[in-house]
Structure formats: C-alpha cells, structure tokens
Amino acid sequence: MEASIILPVLKKKLAFLSGGKDRRSGLILTIPLCTEQTSMEELSATLDYLLSIPSEKCKARGFTVIVDGRKSQWNIVKTVVLMLQNVIPAEVSLVCVVKPDEFWDKKVTHFCFWKEKDRLGFEVILVSANKLTRYIEPCQLTDEFGGSLVYDHLDWVNKRLVFEKFTKESTSLLDELIVINENEKGSQAEKDRSSESNILPSFDPETVLQTGHELLSELQQRRFNGSEGGGSGTAWSPMDDELLAQPQVMKLLDSLREQYTKYQEVCRQRSKRSQLEEIQTKVMQVVNWLEGPGTEQLRTQWGIGDSIRASQALQQKHEEIESQHSEWFAVYVELNQQIAALLSAGDEEDLMELKGLQQQLSDVCYRQASQLEFRQNVLQSAHEFHMTAQDLSQQLDGLLGMLCADVAPADGAAIQQTLKHLEEKLKSVEGALQSLREKGQVLLDQISTQTSFSYGKDVGIENKDNIDHIQSVMEDMQLRKQRCEDMVDVRRLKMLQMVQLFKCEEDASQAVEWLGELLDALLKTHIRLGDDSQETKVLLEKHKKFVDVAQSTYDYGRQLLQATVVLCQSLRCTTRSSGDTLPRLNRVWKQFTVTSDERQHRLEMACAFHTAAEKILRESPELAELMVDVEAYEEVETVGKGLLDRLTVPVIFPDGSEQFFGSPGDMASSAESIRDRMKLVEEKRFLQEEEQQRLDEEALEAGPRES
C-alpha cells in the first residue's frame, strides 16, 4: 500500500506513529479520537498502512497503543480497542486508554478490559492524561499528553510521499539504465543502431539521485538529533531507519550511482564519436572560408584616406569585414574548446587526428586575426592623424581670426585676458602640432611594415602616396603655425602698450576718485573750529597737510593723463584721448580749492576770535583793578558775529552749486560753542562796567568830603 493512495485518509491523522518508544523500546501507536464519528474503515486502512512501515525486528518488540478518548464517547473507544484485536493482536503489548477526568466511572463497571486480557491478547488500562507518564517516559510522549516529543503529522506524511516516490522512480530508472548499458556491450552495428534510437531514460537520473541524497541526509540528520538531543530541542522522529528503511535508500542510491556512471560513459563515447565527425566538418568550413573569401576581402584594403570622413568610411568597411570574420572566429573558439575537451579524454586512437585539426585551425585563425588587427591599427592611427590635423587646422584658423581682428578692448583687464587667451591658443597650437608629428610618425612606421601583410600584392606605389600625403599635411601645418607666431609677436607688443594705456587711464580715474573722496571728507568731517586758540592752531596745521595731500593727488592725475596722450600717439590711436577724465579732475580740484580756502578762512577767524576772547578772560573777573579796553570787547564781538555769519553761508562752487560743511546739527554745535564764549566775554564786560560805575560813585562822594 502506498501513501499516495490513501493520502486524504492519512491527512486526517486518525492514527500515527510519533516516533516515541515505551520502556521496552517498542513503538508507540497513537489513536486520537475526536468528537465526530470516526470511520472504522478509514482507521483500519490507516493502521494497516502504519503497521507496514516498521521492520519485522521492530514489530517483534511490540507496540504500545495510546487511545485518546478524552474527546470521544465510550462506545467508540470500546469499538476501537476491540478492533485492535483483529488488526494487530500479536504486535500489541499494551493499550493505554486516556479517559476524561470526570466521566465513564459508571460505564467502566460494566466492561472491564483487564478481565478480558486473555481473550484480547493484550493488556488494556484506563488512565488519565496526567498519569500516563507512569507507563511511558515524558520525552517519548507528544505535547497533547504533557510530553516533550516533537511531532508534525503533515511533515511526516510529506516525507513518506517523498520516500515512496523515490523508491518507485529509482527502481524504474535502475531497470532502464541496466537495459541501456547491456545494449552498449553488443557489436558495433548494434551500437550504431542504438545510437540512432532514443537512449534517454524515463526519469532524470540527476534529479532522482538528488532526491535520494536529500532524503538520506534528512534521515541521518533526524537520527543524530534524536539520539543526542534527549528530551529537548528536536526529539526522536519517526523518519528514522526503522520506519523508513534507511538501508533501503542507501542500497538504491549505490546501485543507481553505479548504473548511472556506466550510462554516462555510454553517452560520453557516443557523444565523442558524433563530436569528432562534426568537428572535422566545421574545421574544414572555417579554414576554407578564411583562406578564400576572408583573405580576398583584406587584399582589397590598403589606403588610409585623406580626411576624417574618408578614414571613417574605411573603418566602417573594415568593421564589416571584422564582423564577418568574428562569426567564423566564434566557430573557431567553440571548435577549439571541443577539441581540447576530447584531447583531455586521452583516447590515443583520436589524439593525432585531433591535434592535426587543432594545429591547422589555429594557424589559419591566428594568421587571419593578426592581419585584421594590423589593418585595424593602421586605420585607427590614420583616423587619429586626420582628427589631430583637422583640430590643428581649426585652431590655426581661430588664432588667425583673432590676430586679424581689430583690438578694441574695454579696459586693461580685458586686454590682459585677451593676451592670456592669445598665449593659451598659441600654446595649444604648439601642443597640437607636436601631437600631429608624433601620430604622423607612428602612422609612417606602420605603413612601412605593411609590405609583409600585402598578401602577395605590390603596394609600394600606394604606400608612397600615403607617405607623401602624411608629410605634406605636417609641412603645411608647420608653415601656418610659423606665420601665426610672427603675427602673435606683433600683436603682443601692441597689446602690452594698450595695457599701459588703460592702466594710466584707470589710475587717472582713481586719482579723480581720491580727490573727490578728499573733498567729501573735507566737507563732512573737517567741521570743528576748536574750543580754544591752541586747538584751532592745531586744526590749521592739519588742514595745510590735508591740502598738500590733495595737491599731490591732483599732480599725479595730471601726470597720468599726459602719459595717456603719449601712449595714444605711439599706438596711433587718434580717436582715443583722455575723455572726460581731465575735465572731471579740474572740476573736482577747483571745488576742493574753494572749499579748502573757505575752511582756511574760518579757522583763521576762529583763531582770532579765541585769541581775543582768551585775552579778556585770562584773568579772574573778581580782580577789579585789571581793566580791559573797550576796544578789546568790541573786537571779540565783531569777530564772533562775523564767524557766526560765515557758518551760515554755504560753499559756492565755480559751477554755481552749493554745499555746507557738515550737517545742520554740526553747524549748530559750532555756533553754540562760539556763542557760549561770547557770553562769557559779555559777562566780563558787564562786571567791569559795574565796577567802573562803583569807582566813579566813590570818587564823587570823596570829592565833597575833601572840600
């Protein structure tokens, strides 16, 4: 009976061999009854199949049957126990009926299995699940009985299917291989007839062997884990050698490997004979094409072209020739591998013939490949030469265009950039010309060796044309480059003078900006008039130095503008002059002169004012005996008012525009300082007048007393 026939019944798990063993090393057969009605026919079929698995030696040790009746009715349990008498009476040693904890007590009194031991042929005990370990070790019980034995029923069924499938296929394959191998031992005529027939077996030997090895490995691994793991980890499995007949698998594998090895040798001999005939045919095809049409194609190719387009056309034609050759070279590689494989087999009867074919094929292919590679190298060098020549010609055209164009740069930086660009272009031209010489020499060297690959054709005239063309291109480029160098020298000198011109103009403009900044600083920051005569004198001295700096800046700008005129005359640049720089320089200088004069006058007035005021305020006002002339007071008042009036007057430039010193706040601060000092002088004058009046009154009073 095969598992595949009763597969639906087996999957129901009506009974199973978990792999556990009792204390007598007998196998444990478990019958898990459920609440649904159990088919006795299906259970009987399941038991028949399960009992057909163990060996006779294993059966002789007896079975311990566990009938799990916790989810079933008493009458079903009783029926199953009685059925065991008919199915496996001789093999059963003990039947353990697992009962529910709270039922059957009354029913058991009506039917006691222990009284029926002689009639049944085995002992039956009723036991609770938690007391089952009194008869069986926990490590041999599955988890539903509180044990630690791991059991996967579906996995077990799948492994049984694999085992039976392997046994069936391997047996059939073994018979077929024996027949094929026996036929090969017949006469040569029979070998030829059999070679024409199909010698493929019904099953793939590699697949069957792989399945057997995987199955054997699984069995050995499970046995090792079961014997070493104890009660933890992967427990004992029913897929051991006693249940699945591991020796049977090993025996089948050994026989199958033996016959398969012979079968492979048969196939190898037949394949070698067929390969040898096929190789001979293909070798002659390759040799005939390479020495015929292939050689004729290369004989027509010798030129290098006179331009990039021409060289590209020749390369494209050569690629077409290579493409045709590559197909035959691929055949050569395949043939060479096949011949090498046959030579490694070491059959002396074919060695000489194979070596002769291999040598002939290699000589022709290597010679043709060398000729193709040489032609490809010549065309590649020619293409690079023409590309370099075209690039150099374009660079020379660009350089000549720059030299012929008028120089009209915007400023000195543009001149410097243009000059740098010109030098870079000249350097690039020199590098390109050197590269052209090197590539031309390489191409000349290759052409000089082309005679050895001329296939019996005289290519001297064609080579001379190619050599003349290469030398002519290099000489022409050398002459063009020399002309450009002469023009670059002239242009370089002119551009350096223009750099000086722009530098002078730029510096002159900078002088105007500096002078403008000095004017702006004079108007906005040179505001203070000093709090006393000493400070005012210091400000006057600083003002003179400031004016000297402005004067030197103005003179520097004038000198630069004069140099600009001289450079324009040297460059014959009549349309270029100093532009508006000179008028701007003169305009700013006049504005500065007016402003500095005004500043000078104000400082001088402030110095006179402070000197007069300090002369009056030098002594303490309490010293009445020191009298100041009235003219001194009037001088302070006059100078102070004049200075205050001058502070309110703006600076008037020659063009009519006006500008004040500093901000209104700055002017107010200066005026306030002057007014404060004038107020002190006025107070001193008032005190002096009071003192004079008092003295006059005392004099009047003293006159009558004397009289």
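Since the model is a prediction, treat every value here as computed from it, not as a measurement.

Undergrad: Would you mind going over the overall build of the protein chain with me for this structure?
TA: Along the backbone of the protein chain there are 19 helices and 7 strands. For the protein chain, buried positions account for 41% of its 707 residues. Relative to all contacts within the protein chain whose residues are 6 or more apart in sequence, the contacts with residues 24 or more apart total 83%. Total accessible area on the protein chain stands at roughly 38900 Å², and carbon and sulfur atoms take up 51% of it.

Undergrad: Any chance you could explain the packing of helix α16 (residues 533-570) against helix α17 (residues 581-617) here in plain terms?
TA: When two helices pack together, their arrangement is given by the angle between the helix axes and by the axis-to-axis distance. Their axes nearest at 10 Å, the elements α16 and α17 cross at an angle of 170°. Between α16 and α17, the interaxial angle falls into the category roughly antiparallel. Partitioning the contact of α16 with α17 into residue classes produces 14 nonpolar, 11 polar and 6 charged.

Undergrad: How should I be thinking about the pattern of salt bridges in this particular structure?
TA: Side chains bearing opposite charge may pair, as long as their charged atoms lie close to each other. Under the definition given, this model contains 29 salt bridges. For the salt bridge of E485 with K481, the shortest nitrogen-to-oxygen distance reads 2.3 Å. Of this pair, E485 and K481 both sit in helix α15 (residues 460-524), 4 residues apart, roughly one helical turn. Classification of K481 as buried rests on a relative accessible area of 12%.

Undergrad: Please clarify how the side chain of H325 should be interpreted in this entry.
TA: Take H325: it is sitting in helix α12 (residues 308-345). Judged by relative accessible area, H325 falls into the buried class, the value being 0%. Here Q368 takes part through its side chain, which lies 3.0 Å from a polar atom of the side chain of H325. Residue contacts for H325: discarding those within four places in its chain leaves W289, L290, G294, Q297, Q368 and L372.

Undergrad: So what exactly am I meant to see when it comes to the sheet that holds strand β3 (residues 63-68) here?
TA: With mixed pairing, the 5 strands of this open sheet are ordered in space as β1-β2-β3-β4-β5. Whereas interior strands pair on both sides, the edge strands pair on one side only; in this sheet they are β1 (16-21) and β5 (123-127). Mean inter-strand twist for the sheet, computed between neighbouring axes without regard to direction, equals 25°. Sitting on the sheet, helix α2 (residues 40-51) touches β1, β2 (27-32) and β3, and the angle it makes with β2 is about 165°. Each of β2, β3, β4 (92-98) and β5 touches helix α4 (residues 74-87); the most contacted strand, β4, lies at about 175° to it.

Undergrad: Explanation requested: the nonpolar core in the structure shown.
TA: By size, the foremost hydrophobic cluster in this structure holds 55 residues, and its most contacted members are L392, L399, L436, L443, I470, L515 and F592. When contributions to this core are tallied by element, the ones reaching two or more residues are α13 (348-404), α14 (412-448), α15, α16 and α17. Sort the elements by how many residues they give to this core and α15 lands first, with 19 residues. When sequence neighbours within four positions are dropped, the list of residues in contact with L436 reads F385, T388, A389, L392, V473, M474 and M477. Counting residues in each nonpolar core, the second largest holds 37 residues, with I6, V67, V77 and Y151 among its members.

Undergrad: Can you help me understand unusual backbone geometry in this one?
TA: Among all residues save glycine, negative phi is the norm, and among peptide bonds the norm is trans. With a phi angle near 60°, K13 is a residue other than glycine that sits in the positive phi range. In this fold, K13 is placed in the loop between α1 (7-11) and β1. Despite not being glycine, S25 shows a phi value in the positive range, around 65°. Along the chain, S25 falls in the loop between β1 and β2. With a relative accessible area of 35%, S25 lands in the partly exposed category.

Undergrad: Whenever I open this one, the packing of aromatic side chains confuses me. Can you help?
TA: Working definition: an aromatic ring pair is given by the centre-to-centre distance plus the angle between the planes. One pass over the full model with this rule turns up 6 aromatic pairs. Their ring planes at 75° and their centres at 6.3 Å tell us that Y332 and Y366 sit as a pair that is edge-to-face. Of this pair, Y332 sits in helix α12 while Y366 is found in helix α13, placing the two residues 34 residues apart along the sequence. Here the aromatic rings of Y554 and W589 are separated by 4.8 Å at their centres, their planes lie at 10°, and the arrangement is stacked. One end of the pair, Y554, is in helix α16; the other, W589, is in helix α17, and 35 residues separate them in sequence. Classification of Y554 as buried rests on a relative accessible area of 13%. Note on W589: relative accessible area 14%, which makes it buried.

Undergrad: Which parts of the structure should I look at to understand the environment of L379?
TA: Relative to the assigned elements, L379 resides in helix α13. Given the relative accessible area of 0%, L379 is considered buried. Considered as a pair, L379 and S311 are 68 residues apart in the sequence and their alpha carbons are 6.8 Å apart. Aside from chain neighbours lying at most four places away, what touches L379 is G303, L314, Q315 and H318.

Undergrad: So what exactly am I meant to see when it comes to the pairing of β1 here?
TA: Taking burial as the measure, the 6 residues of β1 include 6 buried ones, the bulk of the element. Between β1 and β2, which pair antiparallel and follow one another directly, the connecting turn spans 5 residues, one of which, S25, has a positive phi of 65°.

Undergrad: Any chance you could explain the side chain of H153 here in plain terms?
TA: Note on placement: H153 falls in helix α7 (residues 153-184). A polar contact of 2.7 Å, which involves the side chain of H153, links it to the side chain of Y151. Ignoring any residue separated from it by four or fewer positions in sequence, one finds H153 in contact with L10, K11, K13, A15 and F16.

Undergrad: How should I be thinking about the packing of α2 against α4 in this particular structure?
TA: Two elements in contact, α2 and α4, have axes whose closest approach is 11 Å; the angle formed by their N-to-C orientations is 40°. Classed by the angle they form, the pair α2 and α4 counts as oblique. Considering how the two elements wind past one another, α2 and α4 form a crossing that is right-handed. Judged by residue contacts, M40, L43, S44, L47, D48 and L51 of α2 engage I76, T79, V80, M83, L84 and V87 from α4.

Undergrad: Please clarify how the confidence of the model for the protein chain should be interpreted in this entry.
TA: Detailed reading of the predicted model is not advised wherever pLDDT is low. Across the protein chain, the average pLDDT comes to 79, with 84% of residues at 70 or higher. Predicted confidence is poor over residues 226-236, with pLDDT under 50, and the contacts of this stretch with residues over four places away or in other chains come to 16 contacts. Every residue in residues 453-459 is under pLDDT 50, and counting partners more than four places away or in other chains gives 9 contacts.

Undergrad: Mind showing me how you'd approach the environment of V283 here?
TA: With respect to the helices and strands, the residue V283 is situated in helix α11 (residues 246-299). Along the backbone, V283 and V331 are 48 residues apart, and their C-alpha atoms lie at a distance of 8.7 Å. Every residue in contact with V283, bar those within four places of it in the chain, is listed here: L335, L357 and L361.

Criteria and thresholds
Residues numbered from 1 in each chain as written. Predicted model: local features only at pLDDT ≥ 70, side-chain atom pairs only at ≥ 80, totals over all residues. Heavy atoms only, no water. Helix = DSSP H or I, 4+ residues; strand = E, 2+ residues; numbered from the N terminus. Buried < 20%, exposed > 50% of the residue type's maximum accessible area, 1.4 Å probe, protein only. Contact = heavy atoms within 4.5 Å. Areas by Shrake-Rupley, 256 points an atom, 1.4 Å probe, with all protein chains shown as cover. Axes fitted to C-alpha atoms, helices over the stretch in contact; angles between N-to-C directions. Parallel < 35°, antiparallel > 145°, perpendicular 65-115°, else oblique. Nonpolar A, V, L, I, M, F, W, Y, C, P; charged D, E, K, R; others polar. Salt bridge = Lys/Arg side-chain N within 4 Å of Asp/Glu carboxyl O. Polar contact = N/O pair within 3.5 Å; in protein donor to acceptor, adjacent residues only side chain to side chain. Pairing = 2+ DSSP bridges. Core = buried A, V, L, I, M, F, W, Y, C linked by side-chain atoms within 4.5 Å. Phe/Tyr/Trp six-rings, centres within 6.5 Å; stacked < 30°, edge-to-face > 60°. Left-handed = near helix turned anticlockwise from the far one by under 90°. pLDDT = per-residue confidence, 0-100.

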